Amino acid sequence: MEQTTPMHTDDPSLVAAFEARIAAGESIEPKDWMPERYRKQLTRMMSQHAHSEIVGMLPEGNWITRAPSLRRKMSLIAKVQDEAGHGLYIYCGTETLGVDRHELVQQLLDGRAKYSSIFNYPTLSWADMGVIGWLVDGAAIVNQTVLAKASYGPYARAMIRICKEENFHKRQGLEICATLASGTPAQKAMVQDAVNRFWWPALMMFGPSDTDSPNSAELLKWRVKRKTNDELRQRFINLTVPQAQAMGLTLPDPDLIFNETTKDWEFGEIDWSEFFEVIKGNGPCNHERLAARRDAHANGAWVRDAAVAYAAKHDARATAAA
Ligand SMILES: [Fe+2]
Ligand SMILES: [Fe+2]
């Protein structure tokens, strides 16, 4: 798809009409007028989301050959494949904003684009597959359920299908965790260790506090985001603490306490310096993840070439027949 030139400059009367549509709860569609800044913010957010889906395949892909049973292996393969599909829907959605998917993928491979910080942590044991499904997909659901009401139609619609699949991801993770948590002492220790390593990085997935999040105000104003990072984080914690308790797992936060008045689980200080280091590229697995993506891209070149050649042949035949 060609890079679209702005249809209009950001004429204040057009912006006012656009904002009135947003306020009325209308959804914005690809051919509608939108401020360039809205297009830019959505492109950034959706492409980061798409990158996160496909980089997110890597930590779990590591464990497919080591799944402890055929049933677990089938679920894990299906889940990792779903994440590829999520990447595909969202890259397609991003193209409706007038950007080319190849350019977005190139930004990821060059290290110019961001993706979710959580995927830069290693997966050290089988229990990590359970904890990722439970906490990481669980956090993604909280985020994406709200994005399903985002003002941009193609993004919102992609989220509806994605959330259905994410629910399966979370359930299979929860089942792995519950099985291990009620297993042998060694299994219980393994799942507890995984929870200890993933709890805080999962909370960081919602991003910095809104006061420190440069894009939040604008995204909220245009209803791309419907809730703040802090609201979503709190919702995730409130949903997750009772699940941990039900499984007999401890969350690694001594400050976690239920507030009877607000009905919220209050929690300890998040180490944002760790988050910013990971975002800057200094997490435990940033280099490994990007190297794996670059290899996969290079190894897949023949498939892309074959697809293009096939499409050209098909077009030529259709033209000749017409
Ligand atoms: Fe996903
Ligand atoms: Fe998922």
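Residues numbered from 1 in each chain as written. Chains lettered and ligands numbered in written order. Predicted model: local features only at pLDDT ≥ 70, side-chain atom pairs only at ≥ 80, totals over all residues. Heavy atoms only, no water.

In this section: a positive patch on the surface. Taken together, the side chains of Lys149, Arg226, Lys227 and Arg235 define a basic patch exposed on the protein surface. Structurally, the position occupied by lysine 227 is in the loop between α9 (216-221) and α10 (229-247). With relative accessibility at 40%, the residue lysine 227 sits in the partly exposed group. (Patch = residues over 30% accessible without salt bridge, like charges linked within 9 Å, V, L, I, M, F, W, Y side chains within 5 Å. Areas by Shrake-Rupley, 256 points an atom, 1.4 Å probe, with all protein chains shown as cover. Salt bridge = Lys/Arg side-chain N within 4 Å of Asp/Glu carboxyl O. Lys, Arg positive; Asp, Glu negative; His and termini not counted. Charge placed at Lys NZ, Arg CZ, Asp CG, Glu CD. Helix = DSSP H or I, 4+ residues; strand = E, 2+ residues; numbered from the N terminus. Buried < 20%, exposed > 50% of the residue type's maximum accessible area, 1.4 Å probe, protein only.)

What follows covers the coordination of the iron ion (ligand 2). Every protein donor of the iron ion (ligand 2) is accounted for by Glu83 (OE), Asp137 (OD), Glu166 (OE) and His169 (ND1), and the metal-donor separations fall at 2.0 to 2.2 Å. Coordination geometry of the iron ion (ligand 2): the 4 donor atoms subtend angles of 88 to 162 degrees at the metal centre, consistent with an arrangement described as irregular. All donors to the iron ion (ligand 2) come from one chain, and their sequence spacing reads E-x53-D-x28-E-x2-H. Here the iron ion (ligand 1) and the iron ion (ligand 2) are spaced 3.4 Å from one another, each receiving a donor from glutamate 83. Within this pair, whereas aspartate 137 is found in helix α6 (residues 127-147), its partner histidine 169 is found in helix α7 (residues 153-181), the two being separated by 32 residues in sequence. (Donors = N, O, S within 2.8 Å, 3.2 Å for Na, K, Ca; no water. Tetrahedral: all angles 85-135°; square planar, octahedral: opposite > 155°, others 65-115°.)

Mapped onto the elements of the fold, asparagine 167 is located in helix α7. The class for asparagine 167 is partly exposed, based on a relative accessible area of 39%. With 15 residues separating them along the chain, asparagine 167 and tyrosine 152 place their C-alpha atoms 23 Å apart.

Taken together, Glu53 (OE), Glu83 (OE), His86 (ND1) and Glu166 (OE) make up the protein donors of the iron ion (ligand 1), found 2.0 to 2.2 Å from the metal. Note that the iron ion (ligand 1) binds 4 donor atoms; their angles at the metal cover 84 to 149 degrees, and the shape is irregular. Counting along the primary sequence, the residues that act as donors to the iron ion (ligand 1) give the motif E-x29-E-x2-H-x79-E.

Turning our eyes to something else, we now look at the pattern of salt bridges. On inspection of all chains with the given rule, the structure shows 21 salt bridges. Between glutamate 165 and arginine 161 there is a salt bridge whose closest N-O contact spans 3.6 Å. Remark: arginine 161 and glutamate 165 occur in helix α7; sequence separation between them is 4 residues, near one turn of the helix. Given the relative accessible area of 17%, glutamate 165 is considered buried. The partner of glutamate 288 in a salt bridge is arginine 289, and the shortest N-O contact between them spans 3.8 Å. Salt bridges sharing partners connect three or more residues here, namely Glu60, Lys79, Glu83 and Asp137.

Function cannot be read off these values alone, since they describe shape.
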